[in-house]
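Take a look at the letters that make up each chain.
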Amino acid sequence: MNSLPATANSNTPVVSLEKLKETDGSFKGMASGLLEDVMKGNPYFAAGGGLMLLGTGLALLKSGITRVSGLAYRQMLVDLEIPSKDKSYLWFLEWMSQYKHRSSRHLSVETNYTQHNNGSISTSFSLVPGPGKHLIKYEGAWMLINRERSGKLLDMTNGTPFETITLTTLYRDRNKFPSLLEEAKRMALKTREGKTVIYTSWGQEWRPFGQPRMKRLIDSVVLDKGIKESIIDDVQDFLTSGQWYHDRGIPYRRGYLLYGPPGSGKTSFIQSLAGYLDYNICILNLSETNLTDDRLNYLMNHIPERSILLLEDVDAAFNKRSQTDEKGYSSGVTFSGLLNALDGVASAEEMLTFMTSNHPERLDPALLRPGRVDYKVLIDNASIYQIERMFLRFYGETHRELCDEFLEQFKTLGLPTVSAAQLQGLFVYNKRDPKKAIEMVEVLKQPNHVF
Ligand SMILES: Nc1ncnc2c1ncn2[C@@H]1O[C@H](COP(=O)(O)OP(=O)(O)OP(=O)(O)O)[C@@H](O)[C@H]1O
Ligand SMILES: [Mg+2]
């Protein structure tokens, strides 16, 4: 019986000796030739190998695409992040709420109060972009805006969640960011234009007290000859001397003390000065019982920019370095706490502090030393000069003769002093009738006369 030739069945790869000869004879060559034969000869292997190659190729392609798109993203797109603790955050939201060319489906409501000149208040709602993605076109550039809320982190000062807004645009449009922010800022500040914001302390932070008020005109406060001008000159000189202070390593701050009898215009002058300089006012009441040294220090170091710090009635808060006043109420702030806070203000921005007092003689000399109080000025009861200026301001420069008559009458009273507030009371009572004011001049004899 002839033995069958050793033919392999169809599935068995046939290793051809001829082929092996064709290789370069090395083991590598032999192995690859073998592999090729196995792959070709076996459809399962061939299909599996193909799939494997395809998978690897696709995986490589995918990671390539990810890398290229990452690279392209980095090269072609720019992001701008605005965290919620930054000032421009609210400006941006306000700007977005008014911006027409936007498409957003997630909105949040923000209620605004507007106080009119007659004191009435009206409410309006603005729909600001809520958390999520929004698309806008700004000056021809597409921008993707992503407002994100951090679920866990809370801003401890006001208990709201931390948020960020990320603006993304093409690299070539990156210069649109500054102009957008500038526009948002301009818009936000415009609503406060011509107004003075009064801040008071609220826990750890400064909060606007009521609505921004109409600026008080500096001309409406009549001080004795030259006083107003010299204070204004001093403040303006200070505000333009930042570099000078910096070069000499002197803390860039200046303290003013306006002292004098009640109703002489101390507070009114500071308000009008703030309006004149386009500054806001931060009022701190040192007698507040829950104000502690730490809080005072923190607040004084975190004053909103372009603000005057106003400490009213500094003599009333302390009674000779003790923490308790005559009535037994204890104030949380110690005198040394105030001194430290005044000395410790370490701000790159200028720091203007105004203090008022009716009893400067009660003030501790430590408070009055230069560096804490650099400029002291008496704002006294009305002088003849002030009475004349006030009369003419109320009734108009044309009433010179009546003004002289009023002064004559006033002199006959033989009054040593009268406060500007008393005079204002008389003139307001006789708004449109200067003659009546002359007739009524006698009432000035009673400082507490109620019209
Ligand atoms: N020099 C002034 N010129 C114009 N108005 C004045 C002047 N002084 C006082 N008034 C008017 O009198 C009122 C009280 O003034 P203001 O509160 O400024 O006084 P003050 O010196 O701060 O008093 P106090 O020491 O009691 O705090 C205000 O309505 C203000 O308009
Ligand atoms: Mg006052």
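For the structure, see preceding data.
Criteria and cut-off values
- Residues numbered from 1 in each chain as written.
- Chains lettered and ligands numbered in written order.
- Predicted model: local features only at pLDDT ≥ 70, side-chain atom pairs only at ≥ 80, totals over all residues.
- Pairing = 2+ DSSP bridges.
- Helix = DSSP H or I, 4+ residues; strand = E, 2+ residues; numbered from the N terminus.
- Axes fitted to C-alpha atoms, helices over the stretch in contact; angles between N-to-C directions.
- Buried ≥ 20, exposed ≤ 12 C-beta atoms within 10 Å, placed from the backbone.
- Contact = placed C-beta atoms within 7 Å.
- Parallel < 35°, antiparallel > 145°, perpendicular 65-115°, else oblique.
- Left-handed = near helix turned anticlockwise from the far one by under 90°.
- Nonpolar A, V, L, I, M, F, W, Y, C, P; charged D, E, K, R; others polar.
- Near = placed C-beta within 6 Å.
- Arc of directions from axis to C-beta.

**Let's talk about the sheet that holds strand E14 (residues 307–311)**
In any sheet, the strands associate via hydrogen bonds between backbone groups, in a parallel or an antiparallel arrangement.
Then step 1. As summarised here, the arrangement of the seven strands in space is E10-E9-E13-E14-E15-E12-E16, forming an open sheet in which the pairing is mixed. The sheet is open, and its two borders are formed by strand E10 (205–208) and strand E16 (375–378), each paired with just one other strand. When the angles between neighbouring strand axes are averaged without regard to direction, this sheet yields 25°.
Then step 2. Here three bridges tie strand E9 (residues 198–202) to strand E13 (residues 280–284), and the two strands are oriented parallel to one another. Paired with Tyr199 across the strands is Cys282, a residue of E13.

**Observations concerning the environment of Met355**
Then step 1. Along the chain, Met355 turns up in strand E15 (residues 351–357).
Then step 2. Overall, the presence of 27 C-beta atoms within 10 Å leaves Met355 in the buried class.
Then step 3. Among residues more than four places away in sequence, those in contact with Met355 are Gly255, Leu257, Leu311, Val314 and Val373.

**Concerning the packing of helix H13 (residues 384–395) against helix H14 (residues 400–413)**
Then step 1. The contact between H13 and H14 brings their axes to 10 Å, and the two run at 140°. Judged by the angle between their axes, H13 and H14 are oblique. Classified by chirality, the crossing of H14 by H13 is right-handed. The segment H13 lies against H14, with Ile384, Ile387, Glu388, Phe391, Leu392 and Tyr395 engaging Leu402, Cys403, Phe406, Leu407 and Phe410.
Then step 2. The residue inventory of the contact of H13 with H14, partitioned by class, reads ten nonpolar, no polar and one charged.

**Details of unusual backbone geometry**
Then step 1. Although it is not a glycine, Glu139 sits at a positive phi angle of roughly 50°.
Then step 2. By the element assignment, Glu139 lies in the loop between strand E5 (132–138) and strand E6 (141–155).
Then step 3. Taking the number of C-beta atoms within 10 Å as the measure of exposure, Glu139 has 12 and is therefore exposed.
Then step 4. Of note, the phi angle at Asp313 is positive, near 45°, even though the residue is not glycine.
Then step 5. We classify Asp313 as partly exposed; it has 16 C-beta atoms within 10 Å.

**A short note on the packing of helix H9 (residues 293–301) against helix H11 (residues 335–344)**
Then step 1. As a packed pair, H9 and H11 sit with axes 9 Å apart at the nearest point and diverge in direction by 20°. Between H9 and H11, the interaxial angle falls into the category roughly parallel. Handedness of the H9/H11 crossing: right-handed. In this structure, H9 uses Asp293, Leu296, Asn297 and Met300 to contact H11, whose residues at the interface are Gly337, Leu338, Asn340, Ala341 and Gly344.
Then step 2. Looking at the contact of H9 with H11 residue by residue, the class counts come to four nonpolar, four polar and one charged.

**Notes on the site of ligand 1**
Then step 1. Around ligand 1, the structure places 15 residues, and the nearest of them are Pro262, Gly265, Thr267, Ser268 and Ala420.
Then step 2. Taken together, the elements giving at least two residues each to the shell around ligand 1 come down to helix H8 (266–277) and helix H15 (420–429).
Then step 3. Split into classes, the residues belonging to the shell around ligand 1 amount to six nonpolar, eight polar and one charged.

**Concerning H15**
Then step 1. Those residues of H15 not exposed but buried are Ala420, Gln422, Leu423 and Leu426. With its buried residues spanning 160° around the axis, H15 presents them on a single face.
Then step 2. Of the surrounding secondary structure, the elements contacted by the buried residues of H15 are H13 and helix H16 (434–439).

**So, the environment of Gly337**
Then step 1. In this fold, Gly337 is placed in helix H11.
Then step 2. The exposure class assigned to Gly337 is buried, which follows from the 21 C-beta atoms found within 10 Å.
Then step 3. Once residues lying within four places of it in the same chain are set aside, the contact partners of Gly337 are Asp293 and Leu296.

**A short note on the pairing of E9**
Then step 1. Residue alternation in E9 divides its side chains into a buried set, Tyr199 and Ser201, and an unburied set, Ile198, Thr200 and Trp202.
Then step 2. Bridge analysis of E9 against E10 gives four bridges, and the strand direction is antiparallel. Considered in E10, the bridge of Trp202 is made with Glu205.
Then step 3. Hairpin remark: E9 followed by E10, antiparallel, with two residues in the connecting loop; positive phi at Gly203, about 60°.

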